[in-house]
Amino acid sequence: MKNILIVGAGNIGKRHIQSILKEKKFNYNIHVIDKSNYSIKKIFNEITEIKKSKKIRIENNFKNLNKEYDLIIIATTSFKREDIITLLLKKTIFKNLILEKIVFQNISSYKHFIKIFKSKKINCWVNCPNRFYKSYNDLKKLIVKNCPLSMVVSGGNWHFGSNFVHYTDLFCYLINTNDLTIDQFEFESEIVKSKRKNFVEFNGLVSLKNNKGNFLTIIHNNTRPNVNIKIIQKNLSFIFNENDNFALINRKKNNFSKIDFKIPFQSELTKLYCKEIFLNKRINLPTLENHYKINKNIFDKISNFYYKIKRKNKGFIPIT
């Protein structure tokens, strides 16, 4: 019997709970903690499996932590996530940890916890799930190694600050790199209010590259909500809109053809995470260290941009 702790029962935490409860072959004890009684009441109303399960315990504080957990998933916002991890390190023992993005609001926190997790031999991953999508893994098989590739992500109202890490991670996964440098960074001077209180968003353009001639460009504006992804290589063209369940693909200059291309829900994925961790002692998500390496230059730029406008909180990343 594996013990799993989920901290945070909001929208994403709820999906983690749903997914694990759907698992039939493995036995899990699930402990859920959320300080909001409203969130707790909501998951009881929305997840029918909870009412039937005797393997889930839900509380609004950290008073009754187990001595040890096989996996902890922290699904809160980035606000005070450092405090939650610090508390858990003091109060319980765990070897596997999954964190939601954006992981921390302070750049220094990445370095601090990477060092701690290394010293305690704790496996820590960041939930950038594109690596788990069958469709992207099928696409990865078509990409020619050592042949320059360009990827453009464009669209609007998909919350650049909160979600750009999904596309930087996908790009690095497809071309097998963690090292990106910024080629261009242009944000609009007006900071956009986030749908979440105390956080902000941005419009603008970021272009990144590596030393092998691969380029990633991310463009975000105020158009209608959509995400378009275009990937171009010598003999490969791929176009995908995340609102669709298909992509257009062109190989060796033939005509474009439609292929099924589906994005699974988080409620389908978390049980797969658990299987990989407990069976293989690894998981196909970026480690916290690799996640930081991929995005550190953008984190620096966002922090400096925010400080330039607000003149406060140097080294602060006000996104979640």
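Everything that follows concerns the structure shown earlier in this document.
Computed from a prediction, not measured in an experiment: that's the story for all the values here.

**Let's talk about the packing of aromatic side chains**
Here the distance between the centres and the angle between the planes together describe a pair of aromatic rings. All told, the structure shown has 22 aromatic pairs when counted by the stated rule. Directly above the ring of Tyr173 sits Lys140, whose terminal nitrogen or CZ lies 4.4 Å from the centroid. Just above the ring of Phe246 sits the side chain of Lys258; from NZ or CZ to the centre is 4.2 Å.

**Concerning the environment of Pro318**
With respect to the helices and strands, Pro318 occurs in the segment after helix H9 (288-310). Under the relative-accessibility criterion, Pro318 is labelled buried at 1%. Considering only alpha carbons, one finds Pro318 and Cys147, 171 residues apart in sequence, at a separation of 37 Å. Excluding its chain neighbours within four sequence positions, the residues that come into contact with Pro318 are Gln105, Phe199, Val200, Phe202, Ile302 and Tyr306.

**Some points on H9**
Note that an α-helix has 3.6 residues per turn; residues three or four places apart therefore point the same way. Over its 23 residues, H9 runs only 28 Å from end to end, short of the ideal 33 Å by more than 12%, given 1.5 Å per residue. In H9, a bend of some 55° at Asn295 exceeds every other bend along the element. All of the buried residues in H9 are Leu288, His291, Tyr292, Ile294, Asn295, Ile298, Phe299, Ile302, Ser303, Phe305 and Tyr306. On its buried face, H9 is in contact with helix H5 (107-120), strand S8 (123-126), helix H7 (160-175), strand S10 (181-187), strand S12 (200-201) and strand S13 (204-209). Positive phi shows up at Arg311, right after H9, with a value of about 60°.

**Details of the sheet that holds strand S15 (residues 226-233)**
Pairing is mixed in the open sheet, where eight strands are placed in the order S10-S13-S14-S9-S15-S16-S17-S18. Of all strands in the sheet, those with a lone pairing partner are S10 and strand S18 (257-260), marking the two edges. Taking the axes of each pair of neighbouring strands and ignoring which way they run, one obtains an average angle of 15° across the sheet. Alignment of strand S9 (residues 150-156) against S15, held across seven bridges, turns out to be antiparallel. Each bridged residue has a counterpart across the sheet, and for Val153 the counterpart in S15 is Ile229. Along the sheet, helix H6 (residues 134-142) contacts S15, strand S16 (236-241), strand S17 (246-251) and S18; its crossing angle with S16, the most-contacted strand, is approximately 165°.

Cut-offs and rules
- Residues numbered from 1 in each chain as written.
- Predicted model: local features only at pLDDT ≥ 70, side-chain atom pairs only at ≥ 80, totals over all residues.
- Heavy atoms only, no water.
- Phe/Tyr/Trp six-rings, centres within 6.5 Å; stacked < 30°, edge-to-face > 60°.
- Lys NZ or Arg CZ within 6 Å of the ring centre and 35° of its normal.
- Helix = DSSP H or I, 4+ residues; strand = E, 2+ residues; numbered from the N terminus.
- Buried < 20%, exposed > 50% of the residue type's maximum accessible area, 1.4 Å probe, protein only.
- Contact = heavy atoms within 4.5 Å.
- Expected span 1.5 Å × (residues − 1).
- Bend = angle between axes of the 7 residues up to and from the residue.
- Pairing = 2+ DSSP bridges.
- Axes fitted to C-alpha atoms, helices over the stretch in contact; angles between N-to-C directions.

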